[in-house]
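Chain residues, written in single-letter form:
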Amino acid sequence: MESVVLNTLDRQLIHALRLDGRASFSRIADVIGTSDRTVARRYQRLREAGALRVVGLPDAGRTGLVEWFVRLECAPEAALPVAKALAERADTFWVGLSSGGTEITCVTQARQGSLSGSLLLPKLPKTSRLTSVKAQCRLRIVAGESGWRGSMSALDPRQTAALTRAVDTSRALRLTERDERLLRVLAQDGRAAVPQLAAATGWSESSVRRRMEELRYAGVLRFDVEIDPALYDRPLETMLWLTVAPAALNRVAESLAEHPEVAYAAVTTGQSNVVAVVLCREPDDLYDYLATRVGDLPGVLGAETTPVTRHIKRLGTVLAPSPARLRP
């Protein structure tokens, strides 16, 4: 099995893809200062090893969707089948096991005004071992919307500006059935070739290019990069559920956005009204973060941590597992 170690070029490539998931290898090479063949070779190595995947995702707020964090508690023997059933659904895009395998956390999307069917999760395996379901609506992302800062420090400001795309969210776009077909392919591979996208949608290649530009410029279609944080020497991933006084929400959100340990944070409904994904090197680092960084935040009334022990689904659609072994 192949081991993957990130070098400087790999980190620059990942940073570049977070800025523009469909940037050509020649454009990335020009910004980084290397050859397009070198960039293509490094991308293929990471992609084939299962260390990296670019995925295209619809922006929930721009497409009439609301996002929910759903926490399910179940008996250990039921957790994996339930998690896998959730991962196979098109309306979920993050599924993980935590708390020693007795809790499932997933992020699901639902159309506004039609939440009950999605939140009842009717297609789950029939089991009495599912003991509780708790759902919290995401109100606002406050950190990590463009990716974890730890994976976005390889390019300098000039290089970052050269790869940053303009977006104008003032224009409303309605997704069509062909757009949905386009998104299904991009959820598997955000860098799928234009001929493949044309075959899936029935559009001409020029129409595919034009429509993707429209969707991206309107902020409807965005691209993200699946990458194992262990490759950045951050193998300990923990869900952090904070209870924050309403008057302190803005201050806490601003602070979390500056914490290098925070890969993602959002304000939600519910008693634990701030959820964050925290990346640390080891348990002792997590202790220090909780005791000194979180503990010093005024307005934090309580904190719950649930270490993520296994990912069933990260982003996009579920793919067959890669045989690659990843190490930092």
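Residues numbered from 1 in each chain as written. Predicted model: local features only at pLDDT ≥ 70, side-chain atom pairs only at ≥ 80, totals over all residues. Heavy atoms only, no water.

### Regarding the sheet that holds strand 4 (residues 92–98)
The test is simple: Each pair of strands is called paired provided DSSP finds at least two bridges between the two strands. Helix and strand assignments come from DSSP, with helices taken as H or I runs of at least 4 residues and strands as E runs of at least 2, each series counted from the N terminus. Lines are fitted to the C-alpha atoms to define the axes, a helix being fitted only along its stretch in contact, and any angle between axes, read from their N-to-C directions, falls within 0 to 180 degrees. Contact definition: two residues touch when any of their heavy atoms are within 4.5 Å.
Ordered by their spatial adjacency, eight strands build a closed barrel running 3-5-4-11-8-10-9-6, and the pairing between neighbours is antiparallel. Strand-to-strand twist across the sheet, computed as the mean angle between neighbouring axes with direction ignored, equals 40 degrees. In terms of strand pairing, strand 8 (residues 236–244) meets strand 11 (residues 300–313) through seven bridges, oriented antiparallel. Residue pairing across strands places W241 opposite E304, the latter belonging to strand 11. Strands strand 3 (65–74), strand 4, strand 5 (103–111) and strand 11 of the sheet are contacted by helix 4 (residues 76–87), whose axis makes an angle of about 165 degrees with strand 4.

### Thoughts on unusual backbone geometry
Where we set the bar: The buried label goes to any residue with under 20% of its type's maximum accessible area, the exposed label to any with over 50%, and the partly exposed label to all in between, with areas taken from a 1.4 Å probe on protein chains only.
Of note in the backbone geometry, D233 takes a positive phi value of approximately 60 degrees without being a glycine. Note that D233 resides in the loop between strand 7 (221–227) and strand 8. Residue D233 is classed as partly exposed on the basis of its relative accessible area, which comes to 38%.

### Some remarks on the pairing of strand 7
Burial within strand 7 is extensive, with six of its seven residues counted as buried. Pairing of strand 2 (residues 52–58) with strand 7 involves seven bridges; the strand directions are antiparallel. Considered in strand 7, the bridge of L57 is made with R222.

### Details of the side chain of T108
For clarity, the cut-off: Residues adjacent in sequence count toward polar contacts only when both atoms are side-chain atoms; beyond that, a polar contact is any pair of N or O atoms within 3.5 Å, and within protein one must be able to donate a hydrogen and the other to accept it.
Relative to the helices and strands, T108 resides in strand 5. In terms of polar contacts, T108 uses its side chain to reach the backbone carbonyl oxygen of D91, at 2.9 Å. The residues touching T108, leaving out its near neighbours within four places in the chain, are V66, E67, W68, V70, D91 and T92.

### Brief notes about the UniProt feature "domain: HTH asnC-type" (unreviewed entry) in the protein chain
The test is simple: UniProt positions are given in the numbering used here, feature names are shortened, and annotations may be inferred rather than shown by experiment.
Under the UniProt annotation, the feature "domain: HTH asnC-type" (unreviewed entry) is placed at residues 9–66 and 175–235. Note that residues 9–66 is 55% helix and 16% strand, and that its end C-alpha atoms are spaced 37 Å apart. Between the C-alpha atoms that bound residues 175–235 there is a distance of 38 Å. The span itself is 54% helix and 11% strand.

### Thoughts on the confidence of the model for the protein chain
Caution applies to low-pLDDT regions: their predicted coordinates should not be interpreted in detail. Inclusion rule: pLDDT gives the predictor's per-residue confidence on a scale running from 0 to 100.
Confidence in the prediction of the protein chain, expressed as mean pLDDT, is 87, and 90% of residues score 70 or more. Confidence drops under pLDDT 50 across residues 319–328; counting only partners more than four residues distant or on other chains, this segment forms 27 contacts.

### Topic: helix 11 (residues 283–294)
We apply this condition: Starting at the helix axis, one direction is taken to each C-beta atom, and the arc is that of these directions.
Within the sequence span of helix 11, burial applies to L286, Y289 and V294. Buried positions in helix 11, seen along its axis, are confined to an arc of 55 degrees and lie on one side of it. Buried residues along helix 11 sit in contact with strand 8, helix 10 (249–258), strand 9 (262–268), strand 10 (274–280) and strand 11.

### Some details on the packing of helix 1 (residues 8–19) against helix 3 (residues 36–48)
What counts here: What sets the label is the angle itself: under 35 degrees gives roughly parallel, over 145 gives roughly antiparallel, 65 to 115 gives roughly perpendicular, and the rest give oblique. Residue polarity is assigned by list, with Asp, Glu, Lys and Arg as charged and Ala, Val, Leu, Ile, Met, Phe, Trp, Tyr, Cys and Pro as nonpolar; anything else, Gly included, falls into the polar class.
Between helix 1 and helix 3, the least distance of the axes is 10 Å, while the angle of their chain directions is 85 degrees. One way to sum up the angle between helix 1 and helix 3 is to call them roughly perpendicular. Mapping the contact onto sequence places L9, D10, L13 and L17 in helix 1 and T38, V39, R42, Y43, R45 and L46 in helix 3. Of the residues that constitute the contact of helix 1 with helix 3, the class distribution is six nonpolar, one polar and three charged.

### Considerations on the nonpolar core
Cut-off, in case you're wondering: For our purposes a nonpolar core is just a set of buried Ala, Val, Leu, Ile, Met, Phe, Trp, Tyr and Cys residues, chained together by side-chain atoms within 4.5 Å.
Ranked by internal contacts, the top residues of the largest apolar core, which has 61 residues, are L17, I28, L52, L182, L197 and V208. If we ignore the near neighbours within four places in the chain, the residues touching I28 are L13, A16, L17, A23 and V39. Ranked by size, the runner-up nonpolar core spans 21 residues in total, among them V142, L242, V278 and V294.

### A closer look at the state of the cysteines
Heads up, the condition is: What counts as a disulfide here is a pair of cysteine sulfur atoms lying within 2.5 Å.
This model, assessed by the stated rule, comprises zero disulfides. Distance from the sulfur of C74, which forms no disulfide, to the nearest cysteine sulfur (C106) is 11 Å.

### Focus: the environment of S99
Its location among the elements puts S99 in the loop between strand 4 and strand 5. By relative accessible area, S99 is classed as partly exposed at 31%. Along the primary structure S99 and P307 are separated by 208 residues, whereas in three dimensions their C-alpha atoms are 6.1 Å apart. Filtering out sequence-adjacent residues up to four positions away, S99 remains in contact with T306 and P307.

### Observations concerning helix 1
Put simply, the rule is: Expected helix span is computed as 1.5 Å times (number of residues minus one).
Spanning twelve residues, helix 1 covers 17 Å between terminal C-alpha atoms, matching the ideal 16 Å at 1.5 Å per step. Residues of helix 1 that are buried include every one of L9, D10, Q12, L13, I14, H15, A16, L17, R18 and L19, and no others. Residues of helix 1 that are buried in the fold lie against helix 2 (25–32), helix 3, strand 2, helix 6 (157–163) and strand 7. Put simply, N7 is the residue that caps the front of helix 1, since its side-chain oxygen is 3.1 Å from the backbone nitrogen of L9.

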